[in-house]
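Each chain is listed here by its residues.
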Amino acid sequence: MKKTSSNRIIIIDALRGFALGGVALVHMTEQYIASAPTEGLMEVTNNTFDTVLSGAIGFFIIGKFFALFSILFGLSFFIQMDSASKKGQNFAGRFLWRVFLLFIIGYIHQIFYKGDILTIYALLAPFLIPFYKVKNNWILLVAGVFLVSIPRFISYALLGTDSAFGFPSFMDFNNEINVTYIETLKKGSILDVFSINATQGMLQKMDFQIGFFARFYLTFGYFLIGLWLGKIGLFQKAKENVPKVKKWLIRSIVFFIIALVITGGLFALSPQPVDFQNWLHVLGINAYDWSNIGLTAIILCSFILIFVKKRGEKVLSFFAPYGRMALTNYVLQSIIGTSILFGWGLGYLGKLQTSYLFLMAIALISIQSLLSKVWLTHFRYGPLEWLWRSATLGKVQPFKK
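Calculation criteria
Residues numbered from 1 in each chain as written. Predicted model: local features only at pLDDT ≥ 70, side-chain atom pairs only at ≥ 80, totals over all residues. Heavy atoms only, no water. UniProt positions renumbered as here; feature names shortened; annotations may be inferred. Helix = DSSP H or I, 4+ residues; strand = E, 2+ residues; numbered from the N terminus. Phe/Tyr/Trp six-rings, centres within 6.5 Å; stacked < 30°, edge-to-face > 60°. Buried < 20%, exposed > 50% of the residue type's maximum accessible area, 1.4 Å probe, protein only. Salt bridge = Lys/Arg side-chain N within 4 Å of Asp/Glu carboxyl O. Expected span 1.5 Å × (residues − 1). Contact = heavy atoms within 4.5 Å. Core = buried A, V, L, I, M, F, W, Y, C linked by side-chain atoms within 4.5 Å. Polar contact = N/O pair within 3.5 Å; in protein donor to acceptor, adjacent residues only side chain to side chain. Patch = residues over 30% accessible without salt bridge, like charges linked within 9 Å, V, L, I, M, F, W, Y side chains within 5 Å. Areas by Shrake-Rupley, 256 points an atom, 1.4 Å probe, with all protein chains shown as cover. Axes fitted to C-alpha atoms, helices over the stretch in contact; angles between N-to-C directions. Left-handed = near helix turned anticlockwise from the far one by under 90°. Nonpolar A, V, L, I, M, F, W, Y, C, P; charged D, E, K, R; others polar.

K.L.:
How should the UniProt feature "domain: DUF418" (unreviewed entry) in the protein chain be read in this particular structure?
P.N.:
As annotated by UniProt and renumbered to match this structure, "domain: DUF418" (unreviewed entry) occupies residues 229-395. Its end C-alpha atoms 31 Å apart, residues 229-395 is made of 74% helix and 0% strand.

Here you go:
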């Protein structure tokens, strides 16, 4: 597979940029609230096109591009550990320091945007270390335990849909705490937003991660899949693996269709309206997560099959600089998005239709991709990537080319 002069595998950078683009679309169209929308949030009415567009984003993007991004985190872990191992070094201690630094970066990001994922990655990452030397079949088995959401069943049996931290039910969108939070985003100062995101926001995010929605466990399952893909050399030998990827694509399509049918069947049989107080509801949301896994696999396989074609590589490589600067771009897009939407900035929260938010996201992705390309012609790393790398290694790294 084609590499850059720094020995980076371009398809990985391109896929990371592609995944980050999907994450940006979701965050912008959700208006960076990372919370249940209150009844009075939208001051404008979405038309039919906006409703269809929201549905398409929910079906094709939400939960899928985050999954790709998480898979690539697990893959990056393998690449770093493997590179150090080939040099006769043990990277485990350095990796722990690296993820501690990531948590700090993530927490700074958290005060802008409650939905930050970097802190979650940092909390989960140390658990990857024991799996580096585990056999592939065992990695897949453990990943399967997390991806079928067995931890969710345990959580639901213990807590139901109750909060682990004493917050109101997530089904009560218009509870006082949530209404106050949305009002803070709409009308509060930047210090008000920082304060509520640093405390209440962090706890609510952890509630979402470890409670009923089980995102914490799914994320670790995706990490393990990324580690496994690194161990089998999928991206390092992408062209040689095309026959295998084609088989995976067919199986993923079949799995996706079966999961959707099961999801529909379970919700059709469950009591209405859905309030997640019944085990059929829980099984239904679980089956929907399986459909997300299936569609994620379809997107991943399709990306590889397109990229290995000369024309496909030329088109998709557009995302490679964006992906090389993923940390900088991820944090920056949240700062830009919140400054447009929140009250401390331009204050457009609830005032823009979904179609406008979608176009803004596309513009942001395009501009960041182009600026990343220009930046990397002069510098070795993005600003945050350079800072993170320098702090990880304990000395200032070369910055300019």
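Having seen the model, we can carry on.
K.L.:
Teacher, can you tell me more about the packing of aromatic side chains here?
P.N.:
What describes a pair of aromatic rings is the distance from one ring centre to the other and the angle between the planes of the rings. This structure, assessed with the given rule, holds 33 aromatic pairs. Ring centres 5.2 Å apart and planes at 55 degrees place the aromatic pair F18 and F65 in the tilted group. Residue F18 is located in helix α1 (residues 10-29), and its partner F65 is located in helix α3 (residues 65-86); the two are separated by 47 residues in the primary sequence. Overall, F65 belongs to the buried group, its relative accessible area being 8%.

K.L.:
So what exactly am I meant to see when it comes to the pattern of salt bridges here?
P.N.:
Between side chains of opposite charge, pairing is possible as soon as their charged atoms come close. A full pass over the atoms with the stated rule returns six salt bridges. One salt bridge connects K187 with E183, and the closest N-O pair in it is separated by 3.3 Å. Taken together, the residues span about one helical turn, with K187 and E183 both in helix α8 (residues 176-187) at a distance of four residues. The exposure class assigned to K187 is exposed, which follows from its relative accessible area of 67%.

K.L.:
Where do I start with helix α4 (residues 92-112) in this structure?
P.N.:
Since the α-helix turns once every 3.6 residues, residues separated by three or four places project in the same direction. Its 21 residues place the ends of α4 31 Å apart at the C-alpha level, agreeing with the 30 Å of an ideal helix rising 1.5 Å per residue. Buried within α4 we find A92, F95, R98, V99, L101, L102, I105, G106, H109, Q110, I111 and F112. Contacts from the buried residues of α4 go to α3, α5 (118-124), α9 (190-210), α15 (326-341) and α17 (383-393).

K.L.:
Even after reading the chapter, I still don't get the nonpolar core, so can you show me in this structure?
P.N.:
Among soluble globular proteins, nonpolar side chains are generally buried collectively. Core analysis: the largest hydrophobic core is formed by 109 residues, its most contacted members being I11, L229, F235, I304 and L341. Counting residues in each nonpolar core, the second largest holds five residues, with F212, F276, V282 and I285 among its members.

K.L.:
Can you walk me through the side chain of E385 in this structure?
P.N.:
Among the secondary structure elements, E385 is positioned in helix α17. Reaching out from E385, the side chain makes a polar contact with the side chain of T328 at a distance of 2.6 Å. Contacts of E385, omitting those with residues within four sequence positions, involve R324, M325, A326, L327 and T328.

K.L.:
Which parts of the structure should I look at to understand a nonpolar patch on the surface?
P.N.:
Together, V145, V148, I150, I154, L158 and L159 line one region of the surface with nonpolar side chains, adding up to about 500 Å² of accessible area. If you tally residues by element for the nonpolar patch, the top one is helix α7 (residues 150-159), at four residues. With respect to the helices and strands, V145 occurs in helix α6 (residues 136-147). With relative accessibility at 34%, the residue V145 sits in the partly exposed group.

K.L.:
Explanation requested: unusual backbone geometry in the structure shown.
P.N.:
Across residues other than glycine, the phi torsion is negative in most instances, and most of the peptide bonds are trans. The linkage connecting Q272 with the following residue, P273, adopts the cis geometry, with an omega of -5 degrees. Look at Y32: it is not a glycine, yet its phi comes out positive at around 55 degrees. With respect to the helices and strands, the residue Y32 is situated in the loop between α1 and α2 (48-60). One non-glycine residue, A34, lies in positive phi territory at about 45 degrees. Structurally, A34 is set in the loop between α1 and α2.

K.L.:
Is there a simple way to think about the packing of α8 against α9 in this case?
P.N.:
Helix-helix packing is characterised by the crossing angle of the two axes and by the distance between the axes. Between α8 and α9, the least distance of the axes is 10 Å, while the angle of their chain directions is 145 degrees. Along this stretch, α8 crosses α9, giving a crossing that reads as left-handed. Residue-level inspection shows I177, Y181, T184 and L185 of α8 in contact with α9, the latter providing D192, V193, I196, N197, Q200 and Q204. Of the residues belonging to the contact of α8 with α9, the class tally is five nonpolar, four polar and one charged.

K.L.:
What is the right way to look at the environment of I367 in this model?
P.N.:
In this fold, I367 is placed in helix α16 (residues 354-378). Classification of I367 by relative accessible area gives partly exposed; the value is 49%. Along the primary structure I367 and Y322 are separated by 45 residues, whereas in three dimensions their C-alpha atoms are 9.7 Å apart.

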